[in-house]
Amino acid sequence: MKIGIDKMSFFTSDLYLPMEDLAKARNEDPNKYLIGIGQSKQAVIRNSQDSVTLAANAALKIVDDSEKEKIDLILFGTESGVDSSKSGAIYLQSLLGINSAASGVELKQACFGLTAGIQMAMGHIALHPESRVLLVGSDIARYGIGTLGEKTQGGGAMAMIMSANPHLLEIGTESAHLTKDIMDFWRPLNRSEALVDGKYSSEEFINFFKETFENYIEKENESIANFAAIIFHLPYTKMGLKALRSVIEDLEDQKVKERLLERFEESRYLNREVGNLYTGSLYLSLLSLLHAHSLKAGEQIGLFSYGSGAEGEFFTGRVVEGYEKYITDETVAFLERRTPVSVTEYERIYRSFMEPQIDDCETEFEKDPAPFILKGQKQQQRIYEKQQ
Ligand code: CAA
């Protein structure tokens, strides 16, 4: 049975910060951010959005009335969850009106959470071929004003429906994993901002990629030439380019090298526009690649997922005939409608983030055009609403 991704959608804030402006404000050469880091814009997440509302806004684009009845499993990948006990999947089920016979859980292993969901969905659908699984990866990447990681912030959510006989990507059953207990990036329970050993994390990203990729090639008797594209989790888009270069630099076949570099450029187009999405990042890159419509039916893609701490997985997918019909310009048009903010306004919004607190509070939800918003909290319960 063919199992894979049937539908995909993306949501982020209506506000962004031009990276050139951030570089100037931090007394850095803009080309360091634009070329050295590979980011053009960074999503500025309003205080009326959290991982639950971002996920609901993304899923709203693909969960119609028929899906609400058919979805039987909700898998919510996040590393910026809003509760230590209750999962984001339950909020999502309620906000979207998904039938109450569906089950749902939250999955955490840094940016790997959504990929863990892909593997769970594969097994679930294999046992229940009629199943339709809703997966979301939703996060806000916060490092702090003036930190080294600031230029790699961002946020947003990817939503996907997985099923048998998918319309977009058939996922391969085999993959290569690597898990190691390392401290490259983490977020203690008392913090909304990540702690990171930036250089070490970037080195380990490449080490994890090379090891899982080479293991996969050996185990499956594969060749790099059989990949139409290799795409990555993109904490910043230069990271993926560095990882790709590590396996193509010694290739003699220039055509393969050029093809992989061209497809990589297509795969980082959307990520350049928003910054790090954590769990959703690899899948935004997939959407970006499919959006270019350059792949042909049946071609094989390699996907590398990395979650600090750390877990890496290299797996594959094959593009389904006719996928182009289902990948419209909606995401690009949505990103083009966003409004730029100044560095001063970005810093104000950043500082207004709804940190865990005891007191009742209200967000600036009235300014937020998103369908689902976080209004604030009362008696330590988050108040979500759908705007008309
Ligand atoms: N023009 C063009 N390029 C320039 C330049 C200029 N004027 N000035 C500098 N550069 C280049 C540098 O040469 C460098 O390129 P290489 O990486 O190819 O060597 C690049 O710009 C970045 O420069 P620095 O290394 O000096 O940048 P930095 O130290 O200020 O910060 C960072 C970079 C360490 C990634 C930092 O932003 C950070 O800590 N980010 C958060 C951590 C992170 O994203 N890690 C990624 C792996 S972990 C992961 O994947 C999980 C996750 O999602 C977080």
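Structural notes, computed from the coordinates. Note that the structure is a prediction, hence the values are computed from the model and not measured. (Residues numbered from 1 in each chain as written. Predicted model: local features only at pLDDT ≥ 70, side-chain atom pairs only at ≥ 80, totals over all residues. Heavy atoms only, no water.)

### Quick notes on empty space enclosed by the protein
Within this structure, the stated rule accounts for 2 cavities of 30 Å³ or more. Its volume calculated, the largest cavity comes out at about 140 Å³. Along its surface, the largest cavity is lined by 13 residues, and A43, V44, I45, R142 and Y350 are the ones closest to its centre. Looking at the lining of the largest cavity, the elements that each hand over two or more residues are strand 3 (41–43), strand 6 (132–141) and helix 13 (343–351). Ranked by the residues each element gives to the lining of the largest cavity, the list is headed by helix 13, at 3 residues. A per-class count over the lining of the largest cavity returns 9 nonpolar, 3 polar and 1 charged. As for the second largest cavity, its lining consists of R46, N47, R348, I349 and E364. (1 Å grid on protein atoms, 1.4 Å probe; cavity = no way out; pocket = protein on both sides within 12 Å on 5 of 7 lines; lining within 4 Å. Points joined across faces, edges and corners; volume = space filled by probe spheres on them. Helix = DSSP H or I, 4+ residues; strand = E, 2+ residues; numbered from the N terminus. Nonpolar A, V, L, I, M, F, W, Y, C, P; charged D, E, K, R; others polar.)

### Concerning a negative patch on the surface
On the surface, a cluster of negative charge is contributed by E249, D250, E252 and D253. Here E252 is to be found in the loop between helix 8 (237–248) and helix 9 (254–267). (Patch = residues over 30% accessible without salt bridge, like charges linked within 9 Å, V, L, I, M, F, W, Y side chains within 5 Å. Areas by Shrake-Rupley, 256 points an atom, 1.4 Å probe, with all protein chains shown as cover. Salt bridge = Lys/Arg side-chain N within 4 Å of Asp/Glu carboxyl O. Lys, Arg positive; Asp, Glu negative; His and termini not counted. Charge placed at Lys NZ, Arg CZ, Asp CG, Glu CD.)

### Notes on the packing of helix 8 against helix 9
Packing of helix 8 against helix 9 brings their axes to within 11 Å, and their N-to-C directions diverge by 170°. What the angle tells us is that helix 8 and helix 9 run roughly antiparallel. Each of T237, G240, L241, L244 and I248 in helix 8 lies in contact with helix 9, whose residues at this interface are K257, L260, L261 and F264. Its residues assigned to classes, the contact of helix 8 with helix 9 comprises 6 nonpolar, 2 polar and 1 charged. (Axes fitted to C-alpha atoms, helices over the stretch in contact; angles between N-to-C directions. Parallel < 35°, antiparallel > 145°, perpendicular 65-115°, else oblique. Contact = heavy atoms within 4.5 Å.)

### Here's the deal with helix 3 (residues 51–59)
With 9 of its 9 residues buried, helix 3 lies for the most part within the structure. Considered for burial, the residues of helix 3 that qualify are S51, V52, T53, L54, A55, A56, N57, A58 and A59. A side-chain oxygen of the first residue of helix 3 lies 2.9 Å from the backbone nitrogen of V52; this N-cap is D50. (Buried < 20%, exposed > 50% of the residue type's maximum accessible area, 1.4 Å probe, protein only. Polar contact = N/O pair within 3.5 Å; in protein donor to acceptor, adjacent residues only side chain to side chain.)

### A closer look at the layout of surface pockets
By volume, the largest pocket amounts to about 1200 Å³. Secondary-structure elements contributing two or more residues to the lining of the largest pocket are strand 6, strand 9 (185–186), strand 16 (372–378) and strand 17 (381–386). Split by residue class, the lining of the largest pocket holds 16 nonpolar, 17 polar and 11 charged. Three or more residues apiece are contributed to the lining of the largest pocket by two domains, here domain 1 (3–165 + 328–386) and domain 2 (170–326). Here the second largest pocket defines a volume of roughly 660 Å³. Those elements giving two or more residues to the lining of the second largest pocket turn out to be helix 2 (30–37), strand 10 (195–196), helix 7 (198–219) and helix 8. A per-element tally of the lining of the second largest pocket places helix 7 first, with 5 residues. For the lining of the second largest pocket, the class distribution of residues is 14 nonpolar, 10 polar and 6 charged. Viewed by domain, the lining of the second largest pocket spans two of them, domain 1 (3–165 + 328–386) and domain 2 (170–326), each represented by three or more residues. (Domains from an automatic or database assignment.)

### Regarding helix 7
Between its first and last C-alpha, helix 7 extends 31 Å over 22 residues, near the 32 Å set by a 1.5 Å rise per residue. Every buried residue of helix 7 is accounted for by S201, S202, E204, F205, I206, F208, F209, T212, F213, Y216 and I217. Packing partners of the buried residues in helix 7 comprise strand 8 (169–179), strand 10, strand 11 (229–232), helix 8, strand 12 (300–307) and strand 13 (311–319). The positive-phi residue at the C-terminal boundary of helix 7 is N221, with phi of around 55°. (Expected span 1.5 Å × (residues − 1).)

### With respect to the site of the ligand
As a structural note, the neighbourhood of the ligand is formed by 27 residues, with K199, S201, H233, K238 and K242 the closest of them. Here an oxygen atom of the ligand and a side-chain polar atom of K151 are 2.9 Å apart. When isolated, the ligand has an accessible area of 1100 Å², and the protein chains bury 77% of it. Of all the cavities here, the one that holds the ligand is the second largest pocket. Going through the elements one at a time, helix 2, helix 7 and helix 8 are the ones with two or more residues in the shell around the ligand. At 5 residues, helix 7 tops the list of elements feeding residues into the shell around the ligand. (Near = heavy atom within 4 Å. Sits in = over half its atoms within 2 Å of the grid points.)

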